Amino acid sequence: MALSEYLDELLPVISQTLASSAAEVDRRGAFPAANFALLRQHHLLSLALPASAGGGGADLATCRAVISAVAQGEPSTALILIMQFLNARRLGEDSFWPDSLRREVARSIVQDGALINALRVEPALGTPARGGLPATTARRQADGWRISGEKIYSTGSVGLSWFLVWARSDDEDPLVGAWLVPAAASGIHIEEEWDHLGMRATCSHRVVLEEVWVPLENAVNVSRWSAPRAGLNDEETLWMAVLLGSLYDAVAQAARGDFIHFLQQRAPASLGQPLASLARFQELTGRIDTLLFTSRTLLDSAQAGQVAAGDAAKVKQVVIDNAIRSVQLMVESIGNPALTRANAFERHLRNVLCGRIHTPQDDAVFTAAGKAALLSDRSK
């Protein structure tokens, strides 16, 4: 059976299975181990790993379909899976990594379903996307590095097997970049402090590293502060925008399904027929569907390579904004029932609001777009 046919059959089952426990996963806020056991069973954790490294070598369209299906079921699981896809797909033969390390991590993903993510954000620095040197320091020794520091918003934390720790060396002109750290290394402590409004099961806890030793070769992607290596390439930028946009679009799609069901089933005594029969709700549903149609069209275009890499962040911003607006419209129209935990709407709302925190955030997207427009027209 072709992969596309296999996924066509599998993904609706994945969505339904994850959705059946989504409320409990949200309530507990614990790592969704059962969800990842299911994904591991169906070999989805190695889907984006290049074929040369033993993985599925899936393209953006395939990975987007998987993320959308998982997110419609349980979005925290989908966010961790996005990070898995983005980091695993960098482990091809053209990787900057030492070949032995690349093959070791790839083998653990394929054989054990190991999860990997980058730990970048710090209490004082915030996100590296805003600039600045990390406080996390890798001290060079004869036989390796000793890494100390703290990372916050570490998506997946307790469920990860590998950390890509954003740090600086102790050189005068420091190396800056990612050091590969096994999650089981001595000196790592995870403070389980993540207690957010939404996306609660991402377990984005604080990770504390105290004199964690790794071999010299584990400085897998570093460059001098004075001569920084380029960041995400155009393809990576596009993948990030499409997958993140698809996650929050899927949350809105899940809410839409619940909304349609509610309108079709709810028949107030004063009306004598379902709310779906009212022009007011028909117009509102059309408004919501138009927002989601716009998002789907943008994502389809970006996935097909019809959007320039420089515009990828705009796609993410519009899609997430449309998702948030759609869910807000549903909640506003339903009223109190939408805000009770007995219904899924309040969970959808809390989860979709988290879309705005992902880098690049709205102010950075709009400032970059405005600056490009104004500077490009300045000579005319």
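On a predicted model such as this, the values are computed, not experimentally measured, just so you know.

(A) Highlighting the domain arrangement of the protein chain. On domain assignment, one finds that the protein chain holds domain 1 (3-114), domain 2 (118-224) and domain 3 (234-373). Each of domain 2 and domain 3 has a C-alpha centre, and these two points are 33 Å apart. At the junction of the two partners, domain 2 supplies 7 residues and domain 3 supplies 10 residues. In terms of surface lost to domain 3, no three residues of domain 2 exceed Arg130, Leu197 and Met199, which account for 73% of the buried area on that side.

(B) Summary view of the pairing of strand β5 (residues 175-182). The element β5 is extensively covered by neighbouring structure, given that 7 of its 8 residues are classed as buried. In this structure, strand β4 (residues 162-169) lies alongside β5, joined through 7 bridges in antiparallel fashion. Residue pairing in the sheet places leucine 164 in a bridge with leucine 180 of β5. Between β4 and β5, which pair antiparallel in sequence order, lie 5 residues. Sheet topology note: the β5/strand β8 (residues 219-224) ladder contains 5 bridges and is antiparallel. Residue pairing across strands places alanine 178 opposite asparagine 221, the latter belonging to β8.

(C) The arrangement of the UniProt feature "domain: Acyl-CoA oxidase/dehydrogenase middle" (unreviewed entry) in the protein chain in detail. This chain's UniProt record puts "domain: Acyl-CoA oxidase/dehydrogenase middle" (unreviewed entry) on residues 122-212. Taken as a whole, residues 122-212 contains 0% helix and 48% strand, while its terminal C-alpha atoms sit 17 Å from one another.

Conventions we followed
- Residues numbered from 1 in each chain as written.
- Predicted model: local features only at pLDDT ≥ 70, side-chain atom pairs only at ≥ 80, totals over all residues.
- Heavy atoms only, no water.
- Domains from an automatic or database assignment.
- Contact = heavy atoms within 4.5 Å.
- Buried area = accessible area lost by both parts, 1.4 Å probe.
- Buried < 20%, exposed > 50% of the residue type's maximum accessible area, 1.4 Å probe, protein only.
- Helix = DSSP H or I, 4+ residues; strand = E, 2+ residues; numbered from the N terminus.
- Pairing = 2+ DSSP bridges.
- UniProt positions renumbered as here; feature names shortened; annotations may be inferred.

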